[in-house]
Amino acid sequence: RFASKIPLNPIGCGFEDYDRTQIFNDMKLNRIRVVLADKGISQTWLAKKLGRSFSTVNAYVCNRSQPNLTTLLEIAQLLSVDMKELITDEKERNV
């Protein structure tokens, strides 16, 4: 789907052949997977509590899709964490 090559820098700094798929794979936009694992909570449990399908929650967890802010807040409340924990780790917040 994103396999086409795209120029990232028009003046060319060695990134022209960087695969678009790799760009998206390298981006971790949320830490829901990490927080669920730390708390020992399953995606199935979270899906039921949110009233969403397992497929939707799995897309959030795998960073294929991102929850809107309302859903992110709901996830944070269900997991008893600050919303910031779902976006960045403590080390990134303390930089």
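Look above for the structure.
In every chain, residue numbers begin from 1 and rise along the written sequence. Per-residue local features of the predicted model are confined to residues with pLDDT of at least 70, and side-chain atom pairs are confined, for both listing and counting, to 80 or more; whole-chain, interface and lining totals are unaffected and use all residues. Values reported for side chains reflect all heavy atoms of the structure, with hydrogen atoms and water molecules removed beforehand.

## Description of helix α2 (residues 32-39)
Side chains of residues three or four places apart in an α-helix project in the same direction, reflecting 3.6 residues per turn. The cut-offs for exposure are 20% and 50% of the maximum accessible area for each residue type, with area from a 1.4 Å probe on protein chains only; residues under the lower value are buried, those over the upper are exposed, and the others partly exposed. Working definition: helices are DSSP H or I runs of at least four residues, strands are E runs of at least two. Numbering for both runs from the N terminus. Taken as a whole, α2 has its buried residues at Ile-32, Val-35 and Leu-36. Projected down its long axis, α2 carries its buried residues within an arc of 100°, all on one side. Seen from the buried face of α2, the exposed residues on the opposite side, beyond 90 degrees, are Ala-37 and Asp-38. Its buried side turned inward, α2 meets α3 (43-50), α4 (54-61) and α5 (69-79). One or two residues past the end of α2 sits Gly-40, with phi positive at roughly 70°. The arc refers to the directions leading from the helix axis to the C-beta atoms. Any pair of residues with heavy atoms lying within 4.5 Å of one another is described as a contacting pair.

## Observations concerning the side chain of Thr-71
Looking at where Thr-71 falls in the secondary structure, it is placed in helix α5. A polar contact is formed between the side chain of Thr-71 and the side chain of Arg-52, at a distance of 3.3 Å. Whenever two N or O atoms come within 3.5 Å, that pair is a polar contact, provided that in protein one can donate a hydrogen and the other can accept it, and provided that, for residues adjacent in sequence, both atoms are side-chain atoms.

## Some thoughts on unusual backbone geometry
As a rule of thumb, non-glycine residues mostly have phi less than zero, and peptide bonds are mostly trans rather than cis. Phi at Asn-63 takes a positive value of approximately 60°, unusual for a residue other than glycine. Within the secondary structure, Asn-63 is located in the loop between α4 and α5. On the accessibility criterion, Asn-63 (16% relative accessible area) is buried. Backbone geometry at Ser-80 places phi at a positive 55°, although glycine is not the residue there. Note that Ser-80 resides in the loop between α5 and α6 (90-93). For Ser-80, a relative accessible area of 61% gives the class exposed.

## Digging into the packing of α2 against α5
The description of two helices packed together rests on the angle between their axes and the distance between the axes. Orientation of α2 relative to α5, taken along the N-to-C sense of each, is 15°, at an axis distance of 11 Å. The orientation of α2 relative to α5 falls into the category roughly parallel. Where α2 crosses over α5, the two elements pack in a sense that is left-handed. For the pair α2 and α5, the contacting residues are Ile-32, Val-35, Leu-36 and Lys-39 in the first and Leu-72, Ile-75 and Leu-79 in the second. The residue inventory of the contact of α2 with α5, partitioned by class, reads six nonpolar, no polar and one charged. Only C-alpha atoms enter the line fits that serve as axes; for helices the fit covers just the stretch in contact. Angles between N-to-C directions range over 0 to 180 degrees. Relative orientations are named as follows: roughly parallel for angles under 35 degrees, roughly antiparallel for angles over 145 degrees, roughly perpendicular for angles from 65 to 115 degrees, and oblique for any other angle. We call a crossing left-handed when the near helix sits turned anticlockwise from the far one by less than a right angle, and right-handed when that turn is clockwise. Three categories are distinguished: nonpolar for Ala, Val, Leu, Ile, Met, Phe, Trp, Tyr, Cys and Pro, charged for Asp, Glu, Lys and Arg, and polar for the others, with Gly belonging to the last.

Functional significance is not addressed by these values, which are geometric in nature.
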